[in-house]
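Single-letter residue listing:
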2 protein chains.
Amino acid sequence: MTKFKAIKGNIASPKGFTADATHAELKFQKLDLGLILSDVPAAVAGVFTTNKVAAAPIDLDKAVVAGGVAQAIIVNSAIANAVTGDEGITNAKKTQRLLAEKFDLNPSHVAVCSTGVIGKQLPMDKIALGISKLSAENGHTNGFAEAILTTDLVTKEVTYEVEIAGKTVTVAGVCKGSGMIHPNMATMLGFITTDAKIAQPLLQNMLSEIIETTFNQITVDGDTSTNDIVLVMANGQADNAEILVDTEDYQAFKTVLAIVCQDLAKKIAADGEGATKLIEVNVTGAPDELSARLIAKQIVGSSLVKTAIFGADPNWGRVISAIGQVAAFDVPDIELEIQGDLVLLHSTPVDFDQAELSEKLKEKIVVIDADLNNGTQSGTAWGCDLTYKYVEINALYHS
Amino acid sequence: MTKFKAIKGNIASPKGFTADATHAELKFQKLDLGLILSDVPAAVAGVFTTNKVAAAPIDLDKAVVAGGVAQAIIVNSAIANAVTGDEGITNAKKTQRLLAEKFDLNPSHVAVCSTGVIGKQLPMDKIALGISKLSAENGHTNGFAEAILTTDLVTKEVTYEVEIAGKTVTVAGVCKGSGMIHPNMATMLGFITTDAKIAQPLLQNMLSEIIETTFNQITVDGDTSTNDIVLVMANGQADNAEILVDTEDYQAFKTVLAIVCQDLAKKIAADGEGATKLIEVNVTGAPDELSARLIAKQIVGSSLVKTAIFGADPNWGRVISAIGQVAAFDVPDIELEIQGDLVLLHSTPVDFDQAELSEKLKEKIVVIDADLNNGTQSGTAWGCDLTYKYVEINALYHS
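Residues numbered from 1 in each chain as written. Chains lettered and ligands numbered in written order. Predicted model: local features only at pLDDT ≥ 70, side-chain atom pairs only at ≥ 80, totals over all residues. Heavy atoms only, no water.

**Digging into the relation of the copies chain B and chain A**
Convention followed: Superposition of the copies was done by least squares, using only C-alpha atoms of residues whose pLDDT is at least 70 in both. Contacts are assigned to residue pairs that have any heavy atoms within 4.5 Å of one another.
Relative to chain A, chain B is turned by 180 degrees and slid 0.0 Å along the rotation axis, the superposed coordinates differing by an RMSD of 0.1 Å. Seen this way, the second copy is the image of the first under a two-fold rotation axis. Using C-alpha coordinates, one finds that chain B approaches the rotation axis most closely at Y388(B), a distance of 2.6 Å. Mapped onto chain A, 100% of the interface residues of chain B again fall at the interface, so both copies present the same surface.

Structure (structure tokens):
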């Protein structure tokens, strides 16, 4: 049995990590430049956007992950450094170099991330000034979670401890993301630090597997960003015996890493632009896991389902229409529950108390369970309701 | 050169067709049951929803089209007769039989369509009473377009005349659709009548081809309905020499049929739930037509693009992010125009007058032109903006 627990902490809680944030004047009076720093070079794993219009830092970060080692991550908000041509690439590289010089690191061990408006160049004088103000001793660790936000309303952090071969290993995660959320790999910016000792290829495999059922299963608006990235740094400072493949320790660590990713993913869905509710859709009884996940994501991404839930309307017709839209097989035997109330059995409506269920749909978390009775595989997806506020935010958040 | 022109008319304008509508008490005080009737059996072509949760009438109509001949189409609104199990199928068949008896037709020549709320059974006593009130002599032809509406704000009709081998052939179309619009074949209900003489297999091929670039290229909310259908009836009463494949007449008739489908499709997009603007996206310079259409549809379906246009924001970043999301190839040389203003050249931002373009985005029709400079193929898609009203309609239109 995995021994793990959630603790109060932040991205710098794992041994040998520090974090900091500063105001580089990219945003108005808000933190907008953040740093995660490891005392020693760490194994790094990453997953990246599949959008063909990828931001300038994405290629740079792919090279860092290909090298297998990272010691720092520098992140700016407000400007995405996407669709910025050669100048954008130059600026990303310059940011990497400035940060490496400041902390005496190998530049190829520095990941660079940006999020914000597409098509604007980074003001490099401001970035340089901001970097000069960052420090490994500020203890301004919680600022990092704040510095990476754009239209997010809340910071998103989670920290767990897990016992690995008698040692306490800490895993901390932080992310941002509220709009342009429909990851086809990973969502927006997600950073995870751990003091676990684990080889890089193993960490990468683990992350790639976990991403499929966590970050890739959330959607806010169906749009995949140009900047999506999730990076994990493991610096080995917990001094555990190295985690090897297919051992109990491997399972324990993977379980916690998956929980961290899932917690972060759910926080993004719950803080979706304009959202008033988190929606969780569980699909069971599917012939294969991929279908289950696809169907779950289709339901949670349907504008009609999202608006119905905003209106506290148990409109199951929209749910099963969404199922039928992407199912590659017939679905004559669907059993559907909304907030635990059975509304459909054998794909046929059953009587339920409409008013009572509508009342239950006013809760902050809405759960939809769909059993397809056509196999043993399952999948879950998370999203949020579609509200007036979503339209307001995106009609008024001008380019 | 094709000689054709738009005329004032309705679905009963082609020779040998009549139409009628009545109030069957499915809706409150509105027409809700419509009939299209041909004096003689007509060649019938159809395309149907790909949603695995298809409405009860869909299978019945597939059988009619497989038979190749139809003489009448009976349509009710308010209730979709979808997810209604065996009882729903029985009710669709009963509707078919009642209509056939009333007008002395072969039941297998009667198509039955429904649109409205999912999961409710048709009240067959009301349907029967409604059918008894329908008549081929009422001359209540415009009522049909009204009787098939649900959340639509306006009726959608178009009529053209075209000269085929010295004879005047009339083609008329009518459709409905406002929400759950993201056809993966055809959208909602679309009916086209013509007095042209053309063999059924040829008509079916023509329709199947045309659908791909017309009805299948519109999206309102990304949701494919359970009831989508487009039916074409050709009764030959124009007395033209039969239209044969690959002739000039064939091209002329196909051109007009395509225009009718495109006009109807655009009317649906413009009347999308809550819409204030019609959006047209033209993608050129693609390596293949399918990619061009897919990219055009992705742009026009993006919630972020749709809200930006509602807010009159020339947010080209969201447009090219949508391109990158579905392009299967690199896109380093995009040339993007919004309302005719160049905003991106060689995938790099160019200076433009933001205020002036924002003013242009307040027009009722917004056109986005994206040249990928990566081939010779093109595709167009139509949609609408995403507004507060869309959320209101779908949060309050209770199941």
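**Remarks on the pairing of strand β14 (residues 365-371) of chain A**
Residue and element names in this part refer to chain A. The criterion, for reference: Burial here depends on accessible area, computed with a 1.4 Å probe over protein chains only, as a share of the maximum for the residue type. Under 20% is buried, over 50% is exposed, and the range in between is partly exposed. Only DSSP runs of H or I with at least four residues qualify as helices, and only runs of E with at least two residues qualify as strands; both kinds are numbered from the N terminus onward. Pairing between strands requires that DSSP locate at least two bridges from one strand to the other.
In β14, alternate side chains face the same way, and those of V366, I368 and A370 are buried while those of I365, V367, D369 and D371 on the opposite face are not. Bridge count between strand β10 (residues 278-286) and β14: 7 bridges; the pairing is parallel. Counted as the bridge partner of L278 is I365 from β14. Pairing analysis gives 4 bridges linking strand β11 (residues 335-338) to β14, with the strands arranged antiparallel. Bridged to I338 within β14 is I368.

**What to know about the nonpolar core**
The test is simple: Only buried residues count toward a nonpolar core, which is a set of Ala, Val, Leu, Ile, Met, Phe, Trp, Tyr and Cys residues joined through side-chain atoms within 4.5 Å.
L99(A), F191(A), I299(B), I323(B), L336(B) and I368(B) are the most contacted members of the largest nonpolar core, which totals 87 residues. Among all residues touching F191(A), those that are not within four sequence positions of it are I11(A), I36(A), I73(A), V75(A), C113(A), F144(A), I148(A), A172(A), G173(A), V174(A) and L231(A). Membership of the second largest hydrophobic core comes to 86 residues, among which are F48(B), V53(B), V110(B) and V174(B).

**Focus on the pairing of strand β11 (residues 335-338) of chain B**
Residues and elements named next belong to chain B. Here β11 shows a buried face lined by L336 and I338 and an unburied face lined by E335 and E337. Sheet topology places β11 next to strand β12 (residues 341-345); 3 bridges connect them, and they run antiparallel. Its bridge partner being in β12, I338 is matched across the sheet by D341. Turn length for the β11-β12 hairpin, with the two strands adjacent in sequence and antiparallel, is 2 residues, and the turn residue Q339 shows positive phi of about 50 degrees.

**Structural notes on the domain arrangement of chain A**
All names here are of chain A. Test applied: The split into domains, and so the bounds of each, comes from an automatic or database assignment of domains. By buried area we mean the combined loss of accessible area, with a 1.4 Å probe, across both parts when two parts are placed together. For this analysis, a salt bridge means a side-chain nitrogen from Lys or Arg found within 4 Å of a carboxyl oxygen belonging to Asp or Glu.
For chain A, the domain assignment lists domain 1 (4-269) and domain 2 (278-396). In this structure, domain 1 and domain 2 have C-alpha centres spaced 32 Å apart. On the side of domain 2, 16 residues touch domain 1, which itself brings 15 residues to the contact. Together domain 1 and domain 2 conceal approximately 1200 Å² of surface at their shared face, both sides included; 59% is due to carbon and sulfur atoms. Here domain 1 and domain 2 share 2 salt bridges between them. Close ionic contact of R293 with E212 constitutes a salt bridge, the shortest N to O distance being 3.9 Å. Of all elements in the fold, only α5 (200-213) and α6 (248-270) reach the threshold of two or more residues within the side of domain 1 that touches domain 2. It is α6 that provides the largest number of residues to the side of domain 1 that touches domain 2, a total of 3 residues.

**Topic: the packing of aromatic side chains**
Residue and element names in this part refer to chain A. Applicable threshold: Under the pairing criterion, centres of Phe, Tyr and Trp rings, with the six-membered ring standing for Trp, must be within 6.5 Å; the plane angle then separates stacked pairs below 30 degrees from edge-to-face pairs above 60, leaving the rest tilted. A ring is considered to have a charge above it if a Lys NZ or an Arg CZ atom is located within 6 Å of its centre and within 35 degrees of its normal.
With the rule as written, the count across this model stands at 6 aromatic pairs over all chains. Aromatic pair F144 and F191: ring centres 5.7 Å apart, planes at 75 degrees, arrangement edge-to-face. Separated by 47 residues along the polypeptide, F144 in helix α4 (residues 142-147) and F191 in strand β8 (residues 189-194) bring together distant segments of the chain. Both residues of the pair, F144 and F191, count as buried. The interplanar angle of 85 degrees and the centroid separation of 5.5 Å between the aromatic rings of F310 and Y388 together place this pair among those described as edge-to-face. Note that F310 is positioned in helix α8 (residues 303-310) and Y388 in helix α11 (residues 388-396), a separation of 78 residues in sequence. You can call F310 partly exposed: its relative accessible area is 22%. On the basis of relative accessibility, which here comes to 30%, the residue Y388 falls in the partly exposed class. Between K102 and the ring centre of F103, over which it is positioned, the NZ or CZ distance is 5.8 Å.

**Quick notes on the interface of chain B and chain A**
Spelled out, the test is: Polar contacts here mean pairs of N or O atoms no more than 3.5 Å apart (in protein, one a potential hydrogen donor and the other a potential acceptor; neighbouring residues in sequence count only if both atoms are side-chain atoms). Each residue receives one of three labels: charged for Asp, Glu, Lys and Arg, nonpolar for Ala, Val, Leu, Ile, Met, Phe, Trp, Tyr, Cys and Pro, and polar for the others, Gly being one of them.
In this complex, chain B contributes 55 residues to the contact, which on the side of chain A involves 55 residues. The contact between chain B and chain A buries some 4300 Å² in all, and 57% of this surface belongs to carbon and sulfur atoms. Among the residues chain B hides against chain A, the three largest losses belong to K52(B), Q325(B) and Y388(B). Together they make up 15% of the total. For the interface between chain B and chain A, the tally reads 0 salt bridges. Linking chain B with chain A are 2 residue pairs in polar contact (both at pLDDT 80 or more). Residue assignment for the side of chain B that touches chain A shows that the elements contributing at least two residues are α8 (303-310), α9 (316-326) and α11 (388-396) of chain B. Of the residues that constitute the side of chain B that touches chain A, the class distribution is 23 nonpolar, 24 polar and 8 charged.

**As for a nonpolar patch on the surface**
The following threshold applies: Only residues whose relative accessible area exceeds 30% and that form no salt bridge are eligible for patches; like-charged ones are grouped when within 9 Å, while nonpolar side chains (Val, Leu, Ile, Met, Phe, Trp, Tyr) are grouped when within 5 Å. Only the protein chains shown count as cover for residues, and the accessible areas themselves come from Shrake-Rupley with a 1.4 Å probe.
A contiguous nonpolar surface patch, about 390 Å² in accessible area, is contributed by Y388(A), L396(A), Y388(B) and L396(B). Of all the secondary structure elements, the ones that give two or more residues to the nonpolar patch are α11 of chain A together with α11 of chain B. For L396(B), the position within the fold is in helix α11. L396(B) gets classed as exposed once you look at its relative accessible area, which sits at 57%.

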